[in-house]
Amino acid sequence: MSFAFPVVPRYAEVDQQGVVFFGHYLTWCDEAMTGFLASVGYAYPEMIADGVDIQVVHASLDYATSVRWGDDVSLVVTNEKVGTTSLSSRVTVRRRGDDGWEDAVTVSLVHVCVDASAFTKVPVPPRLAEGLAGARD
């Protein structure tokens, strides 16, 4: 199961070349990941209340086509792996073109679980691991 998060690029997110400025893709991914966590049954506020936070330790973006102001965009989040303290996810930024949906940008993310106060590594909480496992089925 993947999770789709709709986005409509705002004028302020477009650069002088007429395309979405690269940094905004990561903001969109952060918003999509928050929605994804809720969809797997472990909303971000609940995670924080349990004393756990997640931090991005790696992000890479591969571009296939441009996204422009006003495009119909969907970010599709897929969890790829859960480790001892980390989780790896893929976010595919898709845009609706004249011939249907196309993959515009593929983002690879690695998050590490940390203590919400001390920001030291902690194991992936069982509730999160179980939710993510269910999302991969």
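Before reading further, recall that the structure is shown in the block above.
Residues numbered from 1 in each chain as written. Predicted model: local features only at pLDDT ≥ 70, side-chain atom pairs only at ≥ 80, totals over all residues. Heavy atoms only, no water.

**Thoughts on the sheet that holds strand β5 (residues 100–115)**
Rules: For two strands to pair, DSSP has to find at least two bridges joining them. Counting from the N terminus, the helices are the DSSP runs of H or I reaching at least four residues and the strands are the DSSP runs of E reaching at least two. Note on geometry: axes are C-alpha line fits, over the in-contact stretch for helices, and angles between N-to-C directions span 0 to 180 degrees. Residue contacts are defined here by distance: any two heavy atoms, one from each residue, within 4.5 Å place the two residues in contact.
Strand order in the open sheet formed by five strands is β1-β3-β4-β5-β2, with antiparallel pairing between adjacent strands. Each having just a single partner strand, β1 (3–7) and β2 (52–63) make up the two edges of the open sheet. Across this sheet, the average inter-strand angle for adjacent strands is 25°, counted without regard to direction. Note: β1 against strand β3 (residues 73–82), five bridges, orientation antiparallel. The partner of A4 across the bridge, within β3, is V76. Sitting on the sheet, helix α3 (residues 126–136) is in contact with β3, β4 (86–97) and β5, with an inclination near 115° to β3.

**Re the side chain of D71**
For clarity, the cut-off: For each residue, the accessible area found with a 1.4 Å probe, counting protein chains only, is set against the maximum for its type, and the residue is called buried under 20%, exposed over 50%, and partly exposed in between. Here a polar contact is taken to be a pair of N or O atoms separated by no more than 3.5 Å, where protein atoms must pair a possible hydrogen donor with a possible acceptor and residues adjacent in sequence count only if both atoms sit in side chains.
Within the element layout of this structure, D71 appears in the loop between β2 and β3. A relative accessible area of 12% places D71 in the buried class. Among the polar contacts listed, one links the side chain of D71 to the backbone nitrogen of R68, at a separation of 2.8 Å. Once residues within four sequence positions are removed from consideration, D71 is found in contact with V7, V8, P9, S66 and R95.

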